Amino acid sequence: MSRKSNRSVVISVRLDETTSAAVDLLVNAGLAQSRSEAASQFISIGVQSSEELLLKAKQLEETVRALKDEMLDAVKSKNLDKVKRLLEIDEKLKDAKSEEGQTAVLMAAYYRANEIKELLLQKGAELNLYEAAAVGNTARIKEIVSEAPKLINSHSFDGYTPLGLAAHFGHEEAAAYLLDRGADINLKGKDGKLNNTALHASIAGNHINIVKLLLTHGADINSQCEGETRKGFTPLHVAAHFNRFEIAKMLLENGANPLMRNSESLTPSEYAIAKGNNEIADIIQSFHRI
């Protein structure tokens, strides 16, 4: 094997009686200055004598990594047949994860690959809090929150809150549970692109019942996104962007300010006109005169 650098790393290991006695023997004989040095010598000898085994392990590691990459690519491209074939090769691929931390089941949710998502869940894909929120598994959310309540107002590896994920993907029961357990209704994401609230997220997902739920619980109806993609967008701007007529009416009837401006100094109606969404612009403008 190629020679590596001599950089040392401290690890903690538990030794059985035989190995512990061998370590003590080296120290007592003066062949090592400490038990740590003695253990390090044994590890080094073991590594040097196990080159063939380590080469096999390296090849296996590369194979596993390639299969994980194939799984994630198949999920992203919504290739259900390929996902099934890969799971037949190794069912543990249901928990495949990218280096950034995105799992196969979370990617399936993000890409709206619903058949693949359901298949992975049927296979028993392990869910953390954010994944459980994204797929609406309230039972798993309850289990995690009961053990670690502080996670309820945390952010995923890619910057989303549990409530924001539940709201965006339309899981009313999960969103209601998170609110009842103290989720900060106005906590914004940290993804960098949107940095929005759960209310913005529910409008983007077109989930009118969750919009109602959040408004009932006192969501800030004029909160503005802080990310680069929709900087300064209020929930009404988001409704204008996606042409959500009923949601726009609901927001206006509940006191949304139709004159607030985004980072480009456009009101929701001005933005709607710029997008060519003239009908929703008319709806918003009608509230200017009230």
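The structure this text deals with has already been given above.
Conventions used here
Residues numbered from 1 in each chain as written. Predicted model: local features only at pLDDT ≥ 70, side-chain atom pairs only at ≥ 80, totals over all residues. Heavy atoms only, no water. Helix = DSSP H or I, 4+ residues; strand = E, 2+ residues; numbered from the N terminus. Buried < 20%, exposed > 50% of the residue type's maximum accessible area, 1.4 Å probe, protein only. Contact = heavy atoms within 4.5 Å. Areas by Shrake-Rupley, 256 points an atom, 1.4 Å probe, with all protein chains shown as cover. Arc of directions from axis to C-beta. Polar contact = N/O pair within 3.5 Å; in protein donor to acceptor, adjacent residues only side chain to side chain. Salt bridge = Lys/Arg side-chain N within 4 Å of Asp/Glu carboxyl O. Phe/Tyr/Trp six-rings, centres within 6.5 Å; stacked < 30°, edge-to-face > 60°.

Draft legend 1. Broad picture of the overall build of the chain. A tally of helices and strands in the chain yields 16 helices and 0 strands. Within the chain, the proportion of its 290 residues that are buried is 42%. Nonlocal contacts in the chain, meaning residues at least 24 apart in sequence, comprise 61% of its contacts between residues at least 6 apart. Put simply, the chain shows about 16500 Å² of open surface, and 48% of that area lies on carbon and sulfur atoms.

Draft legend 2. Examining helix H10 (residues 172–180) more closely. Where H10 is concerned, the buried positions are Ala-174, Ala-175, Tyr-177, Leu-178 and Leu-179. Close packing links the buried residues of H10 with helix H8 (138–147), helix H9 (162–168) and helix H12 (208–216). Taken from the residues just after H10, Gly-182 is the one with a positive phi, measuring 100°.

Draft legend 3. Helix H16 (residues 278–288), seen in detail. Taken residue by residue, H16 has Ile-280, Ala-281, Ile-283 and Ile-284 as its buried positions. The buried residues of H16 occupy an angular sector of 160° when the element is viewed end-on, so they sit on one face. Looking at the packing, one finds that the buried side of H16 touches helix H13 (235–242), helix H14 (245–253) and helix H15 (268–275).

Draft legend 4. Examining the side chain of Thr-267 more closely. Along the chain, Thr-267 turns up in the loop between H14 and H15. Once residues within four sequence positions are removed from consideration, Thr-267 is found in contact with His-237, Pro-258, Leu-259, Met-260 and Arg-261.

Draft legend 5. Molecular detail of the environment of Asp-191. By secondary structure assignment, the location of Asp-191 is in the loop between H10 and helix H11 (198–204). Judged by relative accessible area, Asp-191 falls into the buried class, the value being 18%. Counting along the chain gives 34 residues from Asp-191 to Phe-157, while the straight-line C-alpha distance between them is 8.7 Å. For Asp-191, the contacting residues outside a window of four places in its chain are Asp-158, Gly-159 and Tyr-160. Polar side-chain contacts of Asp-191 include one of 3.0 Å to the backbone nitrogen of Asn-195.

Draft legend 6. Geometry of the side chain of Thr-197. Among the secondary structure elements, Thr-197 is positioned in the loop between H10 and H11. Take Thr-197: its relative accessible area is 2%, and that puts it in the buried class. Within the local environment of Thr-197, its side chain forms a polar contact with the side chain of His-200, the two groups lying 2.8 Å apart.

Draft legend 7. View of the pattern of salt bridges. Summed over the entire model, instances satisfying the criterion amount to 8 salt bridges. Linking Lys-249 and Glu-246 is a salt bridge whose minimum nitrogen-to-oxygen distance equals 3.9 Å. You can see Lys-249 and its partner Glu-246 sitting in helix H14, 3 residues apart, about one turn around the helix.

Draft legend 8. Representation of unusual backbone geometry within the structure. The phi dihedral of Lys-78 falls on the positive side, at around 60°, and the residue is not glycine. For Lys-78, the position within the fold is in the loop between helix H3 (51–76) and helix H4 (80–89). One non-glycine residue with positive phi stands out, namely Asn-243, at about 60°. Positionally, Asn-243 belongs in the loop between H13 and H14. Among the residues examined, Asn-243 registers a relative accessible area of 30% and is labelled partly exposed.

Draft legend 9. Layout of the packing of aromatic side chains. Counted under the stated rule, the structure contains 3 aromatic pairs. Judged by centre distance (6.2 Å) and plane angle (15°), the rings of Tyr-110 and Phe-169 are stacked. Of this pair, Tyr-110 sits in helix H5 (residues 104–110) while Phe-169 sits in the loop between H9 and H10, and the two are 59 residues apart along the sequence. Residue class for Tyr-110 comes out partly exposed when judged on its relative accessible area of 23%. With a relative accessible area of 11%, Phe-169 lands in the buried category. Their ring planes at 75° and their centres at 4.9 Å tell us that Phe-233 and Tyr-271 sit as a pair that is edge-to-face. With Phe-233 in the loop between H12 and H13 and Tyr-271 in helix H15, this pair connects stretches of sequence that are 38 residues apart. Overall, Phe-233 belongs to the buried group, its relative accessible area being 5%. One aromatic cluster is present, built from ring pairs that chain together Tyr-110, Tyr-160 and Phe-169.

Everything listed here is a matter of coordinates, which is why it stays silent on function.
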